[in-house]
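Listed below, chain by chain, are the residues.
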Amino acid sequence: YSIAYYDSQRWYDALAKADSYDWKGAMDIWFEFLDSTDAMKRACAEYNISVACYMLGDYELATQWLDLSDKENKLPISDALRKRIDIRRN
């Protein structure tokens, strides 16, 4: 699964948690970026939260976060995640 990242220690902290399958811990860090003035950074955080929800088996919530990310700034990796979510939901 693709994870979006930025070159910052907090972002790397979230990636380390995700790498350890601590998806809730990673989400807590990505939530910190939702107030960013940078639309791309918000979109990446929302996308990553979507991945975390998917990994936790909450496909409806994963779709909602991915929709938010796509509204902010659609990432090239978004469509692949959406296909995975749709397969699991059906």
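K.L.:
Explain the pattern of salt bridges to me, please; I cannot follow it from the model alone.
P.N.:
Note that side chains of opposite charge can pair when their charged atoms are close. In this structure the tally under the stated criterion is eight salt bridges. E72 is paired through a salt bridge with R42; the nearest N and O atoms lie 2.8 Å apart. Of this pair, E72 sits in helix α4 (residues 59-73) while R42 sits in helix α3 (residues 39-55); the two residues are 30 residues apart in sequence, bridging distant segments of the chain. Assessed through its relative accessible area of 28%, E72 is described here as partly exposed. Of the charged contacts, one joins R82 and D70 as a salt bridge, the two residues approaching to 2.7 Å between their closest N and O atoms. Here the residue R82 occupies a position in helix α5 (residues 78-89), and D70 occupies one in helix α4, the gap between them amounting to 12 residues. The exposure class assigned to D70 is buried, which follows from its relative accessible area of 19%. Among the charged side chains, a network of salt bridges with common partners joins R10, D13 and E32.

K.L.:
Would you take a moment to explain the environment of A43 for this structure?
P.N.:
Within the secondary structure, A43 is located in helix α3. Sequence separation between A43 and E72 is 29 residues; the distance between their C-alpha atoms is 5.4 Å. Ignoring sequence-local partners within four residues, the contact set of A43 consists of S69, E72, N73 and L75.

K.L.:
Which parts of the structure should I look at to understand the packing of α3 against α5?
P.N.:
In a packed pair of helices, the relevant descriptors are the angle between the two axes and the axis-to-axis distance. Between α3 and α5, whose axes approach to 11 Å, the crossing angle comes to 25 degrees. The angle between α3 and α5 falls in the class roughly parallel. Here α3 and α5 pass one another in a crossing that is left-handed. Here Y47, S50, V51 and Y54 of α3 lie close against α5, whose contacting residues are S78, L81, R84, I85 and R88. A breakdown of the residues in the contact of α3 with α5 according to their chemical character gives five nonpolar, two polar and two charged.

K.L.:
What should I look at first to understand the nonpolar core in this one?
P.N.:
In a soluble, globular protein the nonpolar side chains are often hidden away together inside. W30, Y47 and L81 are the most contacted members of the largest nonpolar core, which totals 24 residues. Of the residues forming this core, the biggest block, eight residues, is contributed by α3. Sequence-distant contacts of W30, defined by excluding residues within four places in its chain, comprise I3, W11, A14, L15, A18, W23, A45, N48, I49 and A52.

Conventions used here
Residues numbered from 1 in each chain as written. Predicted model: local features only at pLDDT ≥ 70, side-chain atom pairs only at ≥ 80, totals over all residues. Heavy atoms only, no water. Salt bridge = Lys/Arg side-chain N within 4 Å of Asp/Glu carboxyl O. Helix = DSSP H or I, 4+ residues; strand = E, 2+ residues; numbered from the N terminus. Buried < 20%, exposed > 50% of the residue type's maximum accessible area, 1.4 Å probe, protein only. Contact = heavy atoms within 4.5 Å. Axes fitted to C-alpha atoms, helices over the stretch in contact; angles between N-to-C directions. Parallel < 35°, antiparallel > 145°, perpendicular 65-115°, else oblique. Left-handed = near helix turned anticlockwise from the far one by under 90°. Nonpolar A, V, L, I, M, F, W, Y, C, P; charged D, E, K, R; others polar. Core = buried A, V, L, I, M, F, W, Y, C linked by side-chain atoms within 4.5 Å.

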